[in-house]
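Coordinates in review
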Amino acid sequence: AQPELAHLHTKIGDGYSQQGLFDRSMVSHRKALGVYMIRYGPYSTFTATALNHFREAALKYGWSDKAVDEYCGVLEKSVLHEVNADMMLMQKNFDVAMREYGAALALEESSVVGRLQLPSASMYCKVGSLLADRDEFDGALPHFGKALGIYHSSSKGKSNHEVTNTSKLIRKLLHRQCKMKAHASNVNESVHTKA
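So, here's what we can say about the structure.

The rules behind the values
- Here the residue numbering is sequential within each chain, running from 1 through the sequence in written order.
- Totals for whole chains, interfaces and linings use all residues, but because this is a predicted model, local features are given only for residues with pLDDT of at least 70 and pairs of side-chain atoms are given and counted only at 80 or more.
- Hydrogen atoms and water are omitted, and side-chain values are computed over all heavy atoms in the structure.
- Starting at the N terminus, helices and strands are each numbered in turn, a helix being any DSSP run of H or I of at least four residues and a strand any DSSP run of E of at least two.
- Three exposure classes are used, based on accessible area relative to the maximum for each residue type with a 1.4 Å probe and protein chains only: buried under 20%, partly exposed in between, and exposed over 50%.
- Any two residues having at least one pair of non-hydrogen atoms within 4.5 Å are treated as being in contact.
- Reported accessibility uses the Shrake-Rupley method at a 1.4 Å probe radius. Residues are deemed covered only where the shown protein chains occlude them.
- Aromatic rings from Phe, Tyr and Trp, with only the six-membered ring used for Trp, were paired whenever their centres fell within 6.5 Å, and each pair was classed as stacked if the ring planes differed by under 30 degrees, edge-to-face if by over 60, and tilted otherwise.
- We call a set of buried residues a nonpolar core when its members are Ala, Val, Leu, Ile, Met, Phe, Trp, Tyr or Cys and they connect through side-chain atoms within 4.5 Å of each other.
- Salt bridge, as used here, is a side-chain nitrogen of Lys or Arg placed within 4 Å of a carboxyl oxygen of Asp or Glu.
- Angular values range over 0 to 180 degrees, each being the angle between N-to-C directions of two axes fitted as lines to C-alpha atoms, with helices fitted over their stretch in contact.
- Roughly parallel means an angle under 35 degrees; roughly antiparallel, over 145; roughly perpendicular, 65 to 115; everything else is oblique.
- Here a crossing is taken to be left-handed if its near helix is turned anticlockwise relative to the far helix by less than a right angle, and right-handed if that turn runs clockwise.
- Think of it as three bins: nonpolar holds Ala, Val, Leu, Ile, Met, Phe, Trp, Tyr, Cys and Pro, charged holds Asp, Glu, Lys and Arg, and polar takes everything else, Gly as well.
- Each patch is built from residues lacking any salt bridge and having more than 30% relative accessible area; the joining distance is 9 Å for like charges and 5 Å for nonpolar side chains (Val, Leu, Ile, Met, Phe, Trp, Tyr).
- One less than the residue count of a helix, multiplied by 1.5 Å, gives the span that helix is expected to have.

Turning our eyes to something else, we now look at the overall build of the chain. Along the chain, the regular secondary structure elements total 8 helices and 0 strands. Each helix (α) and strand (β) of the chain, taken in turn from the N terminus, gives the series α-α-α-α-α-α-α-α. Per-residue burial over the chain gives 43% buried out of 195 residues. Looking at the chain alone, contacts between residues at least 24 apart form 59% of all its contacts between residues at least 6 apart. As presented, the chain carries roughly 10900 Å² of accessible surface, and 57% of it is formed by carbon and sulfur atoms.

All right, on to the side chain of Ser17 then. As for its placement among the helices and strands, Ser17 is situated in helix H1 (residues 3-18). Residue contacts for Ser17: discarding those within four places in its chain leaves Phe22, Ser25 and Ala57.

We now examine the packing of aromatic side chains. Tallied over the entire structure, the rule returns 6 aromatic pairs. Their ring planes at 85° and their centres at 5.6 Å tell us that Trp63 and Tyr71 sit as a pair that is edge-to-face. With respect to burial, Trp63 and Tyr71 carry one shared label: buried. Three or more aromatic residues joined by ring pairs make a cluster, and in this case those are Tyr36, Tyr40 and Phe46.

Core analysis: the biggest nonpolar cluster contains 25 residues, and Tyr101 and Leu173 have the highest contact counts within it. Tallying contributions element by element places helix H6 (residues 118-133) first for this core, with 8 residues.

With respect to the helices and strands, the residue Ala140 is situated in helix H7 (residues 137-155). Linking Ala140 and Val127, residues 13 residues apart in sequence, is a C-alpha distance of 7.2 Å. Apart from the residues lying within four places of it in its own chain, the contact partners of Ala140 are Gly128, Leu131, Ala132 and Leu173.

As enumerated under the stated definition, the model contains 8 salt bridges in all. With a closest N to O distance of 3.8 Å, Asp65 and Arg55 form a salt bridge. With Asp65 in helix H4 (residues 65-90) and Arg55 in helix H3 (residues 45-61), the pair connects residues that are 10 residues apart, well separated along the chain. For Arg55, a relative accessible area of 22% translates into the label partly exposed.

Let us now look at the packing of H4 against helix H5 (residues 94-110). Angle between the axes and distance between the axes: these two values describe a pair of packed helices. Where H4 meets H5, the closest approach of the two axes is 8 Å, and the angle between their N-to-C directions is 170°. Taken together, the axis directions place H4 and H5 in an arrangement best described as roughly antiparallel. At the point where H4 passes H5, the crossing takes the left-handed sense. In the contact of H4 with H5, the residues fall into 13 nonpolar, 4 polar and 6 charged.

On the surface, a nonpolar cluster with roughly 240 Å² of combined accessible area is contributed by Leu5, Leu8 and Ile12. With respect to the secondary-structure elements, Ile12 resides in helix H1.

It is worth spelling out H4 at this point. End to end, H4 covers 37 Å across 26 residues, agreeing with the expected 38 Å (1.5 Å per residue, within 8%). Looking only at H4, the buried set comprises Ala67, Val68, Tyr71, Cys72, Val74, Leu75, Ser78, Val79, Glu82, Val83, Ala85 and Met88. In the stretch just after H4, Lys92 is the one whose phi turns positive, near 65°.

Written out as structure tokens, the structure is:
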């Protein structure tokens, strides 16, 4: 992990904050936090600074001090699981990666505010995509559905490209799932007809 990437995420997060897009700022600062945790560990000043940037954006977004404190405790653990999952995925260790993503999402869901967060939505999409790539549609679709719900609630009625893109992705997956089921049904019928 390159510190320059974390610095870039921090700058993007600061830019979003200046525009009043604090939810997006939190996403960028969370990404910076992940890079710093990989590079320097959870106790470095870089990691602490990234967590503080996240905290400031969350407070400006309207979270209470109590909610921010509770979520930041969850966030550090969740990011570690997500970082481990990303590394396992790079090593093509799908099963361990899925367990780590599952642990990260469980932590996010244990927090009331975490369940409503864009970073959680991003992770739901990542897991949904991994499952869809393995044609595990019954597992993928609920993850995309959760992401869509978070994106929709964060848009506050405004047009949102994440809502549009996730909706399109769900439609494509449903279409692909139907085609696969129809193909499997045709194969079964032809096998029974030949017998």
